[in-house]
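Architecture at a glance
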Amino acid sequence: MKRIGVFICWCGSNIAATVDIDKTVAAARTMPGVVHADHNKYTCSEMGQDMIKDAIKEHKLDRVVIGSCSPRMHENTFRKTVEAAGLNPFYMEIANIREQCSWVHKDKETSTDKAISLVRTAVAKAARNEALHADEMPVEKRALVIGGGIAGIQAALDIAESGFEVDLVEREPSIGGRMAQLDKTFPTLDCSACILTPKMVDAAQHEKINLITYSEVDKVEGFVGNFDVTIRNKARSVDMNKCTGCGDCMAKCPAKVESEFEEGLAQRRAIYTPFAQAVPNKPALDRANCRWFTSGKCKVCQKICPADAIDYDQEDQLVTNKYGAIVVSTGFDTHSLDNYGEYAYGKHPDVITSLEMERLFNASGPTGGKILRPSNGEPPKNVAFIQCVGSRDREKGNPYCAKVCCMYTAKHAILLSEKVPGAKAHVFYIDVRTPGKDYEEFYNRAYEEYGTSYIKGNVSKVFPDGDKLIVRSVDALSGALVELVVDMVVLATSVDARSDAKELGQKLSITTNAHNFFNEAHPKLRPVDTQTAGVFLAGMCQGPKDIPETVAQASAAAVKVASLLNKDNLMSNPTVAEVNLKYCNGDMSCMAVCPYGAISEKVIEERRGRETVKRKIAEVNTALCQGCGACTVACRPGAINLKGFTNEQILAEVDAICL
């Protein structure tokens, strides 16, 4: 008979306000095998853990049940506690009486009954717990960063500075991301290129960083410390070893298409570099718009190239590398304006987005930094900025705040006044949000020093009137109808998760929220971790954030990676599947459902009477198994069990909770 101790945590008033602690402890004392039961206001505290250690020694406990919060919060803490007292850490069970009980019920009597049932269930399982032991696994001391924007660049630089090799994968021909498109950054009005370009060059020149541009992650296998990642190097049609970056091919290419980098305000050639400061500064051939690939005629770039670097026969290459850790920093998309016809975007050339406005401000942009109306090339005298287009809109857009629109609109208003003397900025807003260092002062500067007019109210319609635009709204403060005559309208568009975020999440076994932003392991305590060990997040792939936050998070992710790669070995998860050879009939249904590829076929020989026969069985690779348990459900003969969650333990829990 096992000697079980039960410890009920108050969690301050989180549990004690809804669950009768004394009644739960008294009930626990009557449960089979329980020789000691006690309670504590904060069991996770040092005092609470000492209480458990002392009780284990005093009452000679060999199993421990703790009624507290979710195992996700403190399972490791309590395992270390019982291990320090001389027990195997897997002799401990947690009954989640906070998230699954006190937080979801208001009636104290009902909550107490449920808490008792949960504790009884945990006691039944603990009585059947066996000692489990983790194995050591070697760690591949190399990191992968997916996404080459400012978050990916910062993370790669910080990991490399810690002494580890980093592969930085970027789907575009150049690193730089969205920040490369910006003109200036708030609230200091630093030139975006001036602070980003040195980092891009540092990343390219760092001996520990390997840039893999124009490439995407194709497949991810393995586990923390030993990920096998297959990267698709897309056919660039340019031999990077031969190309000198002279640019002759781009100058002579006859095919022109809208430039994605310039947001369609200018054109690029079919063979191109996205922007002048691109890293690497070598072109890629856009086969979808190349005349040779679309019509079979041209080859001008090949004829003009002095280095003989153009290679039309180049094909995609799949390269598989091993990594110890992965940082995801894939950035964001801007919100589609298809549902916002009332703003006349796409119908009138003088209605543009904020990112298009950034390109007009930029000295290397389509107008050389001059603010000109797209319709007639004249400087605008009155410009309306409409905030929250696609943000905080439950009907047609995103319900969340994009977080950066208020500040970059204030920046645009300031820059407009500086670039076009006498021009007036009018900002239509719902609320102005300035949660950042010096952000409130920057906003105040926009309307106090530069005379920006802020009008509280949603815009109902934008429509042309001759060569002008009419912006119709209602001033929410006065209730008056507003019809403003302006030369240009700038829409502060919301931000979306990357359109392929969910697909990448499935490859990495990380989850997304309702809006397809990647989920962190815990919003407060593990903000850069994911639920998949060894995979970390940085930047706007996790949710809206500005550049300072993005850089800080990237450095935090890099620290996590460095601390992981500093270890020579990691301890494996001992809760893995095991096959009972006696019952395995070799139908391999378990292998079909295993998401980690941890199960394979094995042929064994065995004696049957006087004969030696061969038969097929399933074999589990414990290094790959993550203990999800899918195989145990699929196995009809019941030949596979999950250590720590055996069929016997689960059935004991069912019996206990049904009492």
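Since the model is a prediction, treat every value here as computed from it, not as a measurement. (Residues numbered from 1 in each chain as written. Predicted model: local features only at pLDDT ≥ 70, side-chain atom pairs only at ≥ 80, totals over all residues. Heavy atoms only, no water.)

**Considering the overall build of the chain**
Looking only at helices and strands, one finds 19 helices and 34 strands in the chain. Referenced to the eigenvectors of the C-alpha coordinate spread, the extents of the chain come out at roughly 90 × 70 × 40 Å. Looking at the chain residue by residue over its 659 residues, the buried ones come to 51%. The distance from the centre of the 79 positive side-chain charges to the centre of the 84 negative ones in the chain is 3 Å. (Helix = DSSP H or I, 4+ residues; strand = E, 2+ residues; numbered from the N terminus. Buried < 20%, exposed > 50% of the residue type's maximum accessible area, 1.4 Å probe, protein only. Lys, Arg positive; Asp, Glu negative; His and termini not counted. Charge placed at Lys NZ, Arg CZ, Asp CG, Glu CD.)

**Quick word on the environment of S563**
Summarising the element assignment, S563 is placed in helix α16 (residues 547–565). A C-alpha to C-alpha distance of 25 Å links S563 and T512, two positions 51 residues apart in sequence. Here K560 takes part through its backbone oxygen, which lies 2.8 Å from a polar atom of the side chain of S563. (Polar contact = N/O pair within 3.5 Å; in protein donor to acceptor, adjacent residues only side chain to side chain.)

**Some points on α16**
Between its first and last C-alpha atoms α16 spans 27 Å; for 19 residues at 1.5 Å apiece the expected length is 27 Å, and the two agree. Listed in full, the buried residues belonging to α16 are T550, Q553, A554, A557, A558, V561, A562, L564 and L565. In this fold, the buried residues of α16 make contact with β6 (142–146), α7 (150–161), β18 (325–328), β29 (535–537) and β30 (569–571). N-capping of α16 is provided by D546, with a side-chain oxygen placed 3.0 Å from the backbone N of E549. (Expected span 1.5 Å × (residues − 1). Contact = heavy atoms within 4.5 Å.)

**Observations concerning the domain arrangement of the chain**
Parsing the chain into structural domains produces domain 1 (4–127), domain 2 (138–233 + 319–331 + 498–569), domain 3 (235–315), domain 4 (333–496) and domain 5 (577–643). Summarising the inter-unit geometry, the C-alpha centres of domain 3 and domain 5 are found 53 Å apart. (Domains from an automatic or database assignment.)

**Regarding unusual backbone geometry**
The amide bond that connects F186 to the next residue, P187, takes the cis arrangement and shows omega of 0°. Of note, the bond from V279 into P280 is cis; its omega dihedral lies within 30 degrees of zero at 0°. Looking at the secondary structure, you find P280 in the loop between β15 (271–272) and β16 (284–285). With a phi angle near 50°, C11 is a residue other than glycine that sits in the positive phi range. With respect to the helices and strands, the residue C11 is situated in the loop between β1 (4–9) and α1 (13–16).

**Some remarks on the sheet that holds strand β21 (residues 382–389)**
Strand order across the open sheet formed by five strands is β20-β27-β21-β22-β23, with parallel pairing between neighbours. A single partner strand is all that each edge strand has here, and the edge strands are β20 (351–353) and β23 (453–456). Shown here is a sheet whose adjacent strand axes are inclined to one another by a mean of 25°, direction ignored. Contacts from helix α12 (residues 354–361) reach β20, β21 and β27 (488–493) within the one sheet, and its direction differs from that of β20 by about 90°. (Pairing = 2+ DSSP bridges. Axes fitted to C-alpha atoms, helices over the stretch in contact; angles between N-to-C directions.)

**Quick look at the pairing of strand β4 (residues 92–96)**
Summarising burial for β4: five of the five residues are buried, a large majority. Judged by which residues are buried, β4 turns out to be covered on both faces: M92, I94 and N96 on one side and E93 and A95 on the other are all buried. Note on the crossover from strand β3 (residues 63–68) through helix α4 (residues 71–84) to β4: the handedness is right-handed. (Right-handed = clockwise from strand over helix to strand, strands pointing away.)

**What to know about the sheet that holds β4**
The strand order across the open sheet built from four strands is β2-β1-β3-β4, with neighbouring strands paired in parallel fashion. The sheet is open, and its two edges are formed by β2 (34–40) and β4, each paired on a single side. Here the strands of the sheet are splayed against their neighbours by 20° on average, with no regard to which way each runs. Bridge analysis of β3 against β4 gives five bridges, and the strand direction is parallel. Within the sheet, the bridge partner assigned to G67 lies in β4 and is A95. Across the sheet, helix α2 (residues 21–29) lies against β1 and β2, angled at about 165° from β2, the strand it touches most. The sheet contacts of helix α6 (residues 108–126) involve β1, β2, β3 and β4, and relative to β4 the element is tilted by about 160°.

**Quick notes on the packing of helix α3 (residues 46–58) against α4**
Running from amino to carboxyl end, α3 crosses α4 at an angle of 35°, the nearest separation of the two axes being 9 Å. The two elements α3 and α4 meet at a crossing, and its hand is right-handed. The segment α3 lies against α4, with Q49, I52, K53 and I56 engaging T77, F78, T81, V82 and A84. Residue classes in the contact of α3 with α4 are distributed as five nonpolar, three polar and one charged. (Left-handed = near helix turned anticlockwise from the far one by under 90°. Nonpolar A, V, L, I, M, F, W, Y, C, P; charged D, E, K, R; others polar.)

**Considerations on the pairing of β6**
Remember that side chains alternate between the two faces of the sheet whenever the strand is regular. Counting buried residues in β6 gives four out of five residues, a clear majority hidden from the surface. Pairing analysis gives five bridges linking β6 to strand β7 (residues 165–169), with the strands arranged parallel. Across the sheet, I146 pairs through a bridge with V169, a residue of β7. As for the winding sense of the linkage, the β-α-β connection from β6 through α7 to β7 is right-handed. In this sheet, β18 lies alongside β6 in parallel orientation, the contact comprising four bridges. Note that in β18 the partner of V145 across the bridge is V327.

**A few points about the packing of aromatic side chains**
In total, this model carries 10 aromatic pairs according to the counting rule given. On the basis of an interplanar angle of 80° and a centroid distance of 5.4 Å, the ring pair of F186 and Y439 is categorised as edge-to-face. On the criterion of sequence distance, the pair formed by F186 in the loop between β8 (184–185) and β9 (190–191) and Y439 in helix α14 (residues 439–448) is long-range, its members being 253 residues apart. Each of the two residues, F186 as well as Y439, counts as buried. Between F293 and Y312, the ring centres sit 5.9 Å apart and the planes meet at 70°, which makes this aromatic pair edge-to-face. Here F293, found in helix α10 (residues 291–295), pairs with Y312, found in the loop between α11 (300–304) and β17 (317–323); they are 19 residues apart in sequence, far enough to count as distant. Take F293: its relative accessible area is 31%, and that puts it in the partly exposed class. (Phe/Tyr/Trp six-rings, centres within 6.5 Å; stacked < 30°, edge-to-face > 60°.)

**Describing the pattern of salt bridges**
By the definition in use, this model includes 36 salt bridges. Residue E342 is joined to K396 by a salt bridge in which the shortest nitrogen-to-oxygen separation is 2.7 Å. Of this pair, E342 sits in the loop between β19 (332–334) and β20 while K396 sits in the loop between β21 and α13 (405–419), and the two are 54 residues apart along the sequence. Three or more residues joined by partner-sharing salt bridges are found here, namely R171, E216, K234 and D500. (Salt bridge = Lys/Arg side-chain N within 4 Å of Asp/Glu carboxyl O.)

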